[in-house]
Amino acid sequence: MKLRVALTLLLIIAALSALGACGKTDDAGGQNKQQATASYIEAQSDVSQKEADTVKRRLVRMKEVKEVRGASVDNDIYMALTVEGFDRFFLDRIRKAAHDRAAEKYPDANIHVSTDRKISSDLKKLETELSGNKLNRKELKKRLKKIEDDMRG
(Lines give C-alpha, C1' and ligand atoms only; values in the text may rest on other atoms or scores of the structure.)
Protein backbone atom coordinates (compact mmCIF):
# COMPACT_ATOMS: atom_id res chain seq x y z
CA MET A 1 0.00 0.00 0.00
CA LYS A 2 2.81 2.40 0.93
CA LEU A 3 4.62 1.47 -2.24
CA ARG A 4 1.54 2.27 -4.37
CA VAL A 5 1.15 5.73 -2.71
CA ALA A 6 4.83 6.49 -3.11
CA LEU A 7 4.77 5.41 -6.76
CA THR A 8 1.66 7.53 -7.45
CA LEU A 9 3.26 10.59 -5.85
CA LEU A 10 6.43 10.02 -7.84
CA LEU A 11 4.45 9.84 -11.11
CA ILE A 12 2.55 13.03 -10.26
CA ILE A 13 5.77 14.89 -9.48
CA ALA A 14 7.37 13.67 -12.71
CA ALA A 15 4.33 14.72 -14.75
CA LEU A 16 4.24 18.19 -13.18
CA SER A 17 7.95 18.64 -13.75
CA ALA A 18 7.60 17.69 -17.40
CA LEU A 19 4.67 20.06 -17.88
CA GLY A 20 6.51 22.89 -16.17
CA ALA A 21 9.45 22.54 -18.53
CA CYS A 22 7.29 22.75 -21.66
CA GLY A 23 6.88 26.55 -21.62
CA LYS A 24 9.10 28.75 -23.76
CA THR A 25 10.72 31.39 -21.57
CA ASP A 26 12.80 34.46 -22.15
CA ASP A 27 15.95 35.25 -20.20
CA ALA A 28 14.44 38.17 -18.25
CA GLY A 29 12.46 36.76 -15.37
CA GLY A 30 11.47 33.40 -16.84
CA GLN A 31 8.04 34.57 -17.98
CA ASN A 32 6.44 33.23 -21.15
CA LYS A 33 7.25 35.58 -24.03
CA GLN A 34 6.02 35.10 -27.53
CA GLN A 35 7.44 37.14 -30.36
CA ALA A 36 5.55 40.37 -30.90
CA THR A 37 4.06 40.93 -34.34
CA ALA A 38 4.18 43.82 -36.76
CA SER A 39 3.42 44.14 -40.44
CA TYR A 40 5.97 46.01 -42.51
CA ILE A 41 4.38 47.77 -45.48
CA GLU A 42 7.17 49.95 -46.90
CA ALA A 43 7.64 47.80 -50.00
CA GLN A 44 3.90 47.55 -50.69
CA SER A 45 2.84 51.18 -50.32
CA ASP A 46 3.05 54.10 -52.74
CA VAL A 47 3.27 56.48 -49.77
CA SER A 48 6.61 55.93 -48.04
CA GLN A 49 6.32 54.10 -44.72
CA LYS A 50 10.06 53.77 -44.10
CA GLU A 51 9.99 55.71 -40.82
CA ALA A 52 7.00 53.78 -39.47
CA ASP A 53 8.55 50.42 -40.37
CA THR A 54 11.88 51.38 -38.80
CA VAL A 55 10.15 52.38 -35.55
CA LYS A 56 8.09 49.15 -35.61
CA ARG A 57 11.31 47.13 -35.78
CA ARG A 58 12.55 48.92 -32.66
CA LEU A 59 9.29 48.65 -30.70
CA VAL A 60 8.58 45.00 -31.50
CA ARG A 61 11.61 44.09 -29.38
CA MET A 62 10.02 45.50 -26.21
CA LYS A 63 9.11 42.59 -23.93
CA GLU A 64 5.74 44.09 -22.91
CA VAL A 65 4.53 44.58 -26.49
CA LYS A 66 2.49 41.90 -28.26
CA GLU A 67 1.74 43.78 -31.49
CA VAL A 68 2.80 47.03 -33.15
CA ARG A 69 0.77 48.99 -35.69
CA GLY A 70 1.80 52.24 -37.30
CA ALA A 71 1.94 54.66 -40.16
CA SER A 72 3.87 57.78 -41.03
CA VAL A 73 3.46 60.81 -43.23
CA ASP A 74 5.77 63.82 -43.61
CA ASN A 75 7.34 64.37 -40.16
CA ASP A 76 4.66 62.53 -38.13
CA ILE A 77 4.92 58.93 -36.93
CA TYR A 78 1.88 57.23 -35.38
CA MET A 79 2.29 54.00 -33.41
CA ALA A 80 -0.18 51.80 -31.55
CA LEU A 81 1.04 49.11 -29.18
CA THR A 82 -0.93 46.11 -28.00
CA VAL A 83 -0.12 45.35 -24.37
CA GLU A 84 -1.84 42.53 -22.50
CA GLY A 85 -2.14 41.09 -19.03
CA PHE A 86 -0.23 42.43 -16.06
CA ASP A 87 1.74 44.85 -18.26
CA ARG A 88 -1.43 46.93 -18.76
CA PHE A 89 -0.85 48.31 -15.25
CA PHE A 90 2.25 50.08 -16.57
CA LEU A 91 0.91 51.69 -19.77
CA ASP A 92 2.37 55.15 -19.03
CA ARG A 93 5.86 53.73 -18.59
CA ILE A 94 5.53 51.53 -21.69
CA ARG A 95 4.32 54.44 -23.85
CA LYS A 96 7.18 56.63 -22.64
CA ALA A 97 9.75 53.88 -23.29
CA ALA A 98 8.33 53.35 -26.80
CA HIS A 99 8.37 57.09 -27.49
CA ASP A 100 11.99 57.31 -26.31
CA ARG A 101 13.03 54.40 -28.56
CA ALA A 102 11.39 56.06 -31.55
CA ALA A 103 12.89 59.46 -30.68
CA GLU A 104 16.39 57.94 -30.59
CA LYS A 105 16.05 57.09 -34.27
CA TYR A 106 13.99 60.12 -35.36
CA PRO A 107 14.66 62.97 -32.91
CA ASP A 108 13.06 65.65 -35.10
CA ALA A 109 9.86 63.72 -35.84
CA ASN A 110 6.50 64.21 -34.13
CA ILE A 111 5.98 60.80 -32.57
CA HIS A 112 2.55 59.72 -31.36
CA VAL A 113 2.32 56.50 -29.30
CA SER A 114 -0.92 54.94 -28.08
CA THR A 115 -1.89 51.76 -26.26
CA ASP A 116 -5.59 52.24 -27.01
CA ARG A 117 -7.17 49.25 -28.76
CA LYS A 118 -9.38 51.42 -30.98
CA ILE A 119 -6.33 53.31 -32.25
CA SER A 120 -4.60 49.99 -32.92
CA SER A 121 -7.64 48.81 -34.87
CA ASP A 122 -7.77 52.07 -36.88
CA LEU A 123 -4.06 51.83 -37.72
CA LYS A 124 -4.48 48.18 -38.72
CA LYS A 125 -7.17 49.19 -41.24
CA LEU A 126 -4.95 52.01 -42.45
CA GLU A 127 -2.01 49.63 -42.92
CA THR A 128 -4.20 47.29 -44.95
CA GLU A 129 -5.30 50.12 -47.22
CA LEU A 130 -1.73 51.39 -47.57
CA SER A 131 -0.42 47.96 -48.51
CA GLY A 132 -3.15 47.71 -51.15
CA ASN A 133 -2.27 51.18 -52.49
CA LYS A 134 -5.80 52.39 -51.80
CA LEU A 135 -4.66 55.63 -50.13
CA ASN A 136 -2.87 58.65 -51.51
CA ARG A 137 -0.80 61.07 -49.41
CA LYS A 138 -3.65 63.57 -48.97
CA GLU A 139 -6.13 60.94 -47.75
CA LEU A 140 -3.46 59.41 -45.50
CA LYS A 141 -2.84 62.80 -43.86
CA LYS A 142 -6.57 63.26 -43.31
CA ARG A 143 -6.99 59.80 -41.73
CA LEU A 144 -3.91 60.20 -39.53
CA LYS A 145 -5.18 63.60 -38.35
CA LYS A 146 -8.42 61.88 -37.28
CA ILE A 147 -6.40 59.20 -35.45
CA GLU A 148 -4.35 61.92 -33.74
CA ASP A 149 -7.55 63.63 -32.60
CA ASP A 150 -8.80 60.30 -31.24
CA MET A 151 -5.52 59.80 -29.37
CA ARG A 152 -6.01 63.11 -27.57
CA GLY A 153 -9.54 62.13 -26.59
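Bear in mind that the values here come from a model prediction, so they are computed numbers and not experimental data.

(A) View of the overall build of the protein chain. Across its full length, the protein chain holds five helices and four strands. In the protein chain, the order of α-helices and β-strands from amino to carboxyl end is α-β-α-β-β-α-β-α-α. Taking the contacts inside the protein chain whose residues are at least 6 apart along the sequence as the reference set, 58% of them involve residues at least 24 apart. On the protein chain, roughly 9900 Å² of surface is accessible, and the fraction owed to carbon and sulfur atoms is 54%.

(B) How the structure looks around the nonpolar core. Val 55, Leu 59, Val 68, Met 79 and Leu 81 are the most contacted members of the largest nonpolar core, which has 20 residues in total. Of all hydrophobic cores here, the second largest spans 14 residues; its members include Val 47, Ala 71, Leu 123 and Leu 130.

(C) Representation of helix α5 (residues 137-152) within the structure. With 16 residues, α5 extends 23 Å from end C-alpha to end C-alpha; this agrees with the ideal 22 Å at 1.5 Å per step. Looking only at α5, the buried set comprises Leu 140, Leu 144, Ile 147 and Glu 148. All buried residues of α5 fall inside an arc of 105° around its axis, so they share one side. In α5, the exposed residues that point more than 90 degrees away from the buried face are Lys 138, Lys 142 and Arg 152.

(D) Up close: the sheet that holds strand β1 (residues 37-38). Taken together, the four strands give an open sheet; going across it, the order is β1-β2-β3-β4, and neighbouring strands pair in mixed fashion. Taken across any chain shown, the strands that pair with only one partner, and hence form the sheet edges, are β1 and β4 (110-114). In terms of strand pairing, strand β2 (residues 65-73) meets strand β3 (residues 76-83) through eight bridges, oriented antiparallel. Bridged to Gly 70 within β3 is Met 79. Here helix α4 (residues 117-131) sits on the sheet and contacts β2, β3 and β4; the angle it forms with β2, its principal contact strand, is near 55°. The sheet contacts of α5 involve β2, β3 and β4, and relative to β2 the element is tilted by about 130°.

(E) Quick peek at the packing of aromatic side chains. What the rule picks out here adds up to two aromatic pairs. Grouping aromatic residues by their ring pairs yields a cluster made of Phe 86, Phe 89 and Phe 90.

(F) Structural detail: the side chain of Asp 53. Assignment of secondary structure puts Asp 53 in helix α2 (residues 50-59). Discounting chain neighbours no more than four positions away, the residues touching Asp 53 are Ser 39, Tyr 40, Ile 41 and Glu 42.

Calculation criteria
- Residues numbered from 1 in each chain as written.
- Predicted model: local features only at pLDDT ≥ 70, side-chain atom pairs only at ≥ 80, totals over all residues.
- Heavy atoms only, no water.
- Helix = DSSP H or I, 4+ residues; strand = E, 2+ residues; numbered from the N terminus.
- Contact = heavy atoms within 4.5 Å.
- Areas by Shrake-Rupley, 256 points an atom, 1.4 Å probe, with all protein chains shown as cover.
- Core = buried A, V, L, I, M, F, W, Y, C linked by side-chain atoms within 4.5 Å.
- Buried < 20%, exposed > 50% of the residue type's maximum accessible area, 1.4 Å probe, protein only.
- Expected span 1.5 Å × (residues − 1).
- Arc of directions from axis to C-beta.
- Pairing = 2+ DSSP bridges.
- Axes fitted to C-alpha atoms, helices over the stretch in contact; angles between N-to-C directions.
- Phe/Tyr/Trp six-rings, centres within 6.5 Å; stacked < 30°, edge-to-face > 60°.

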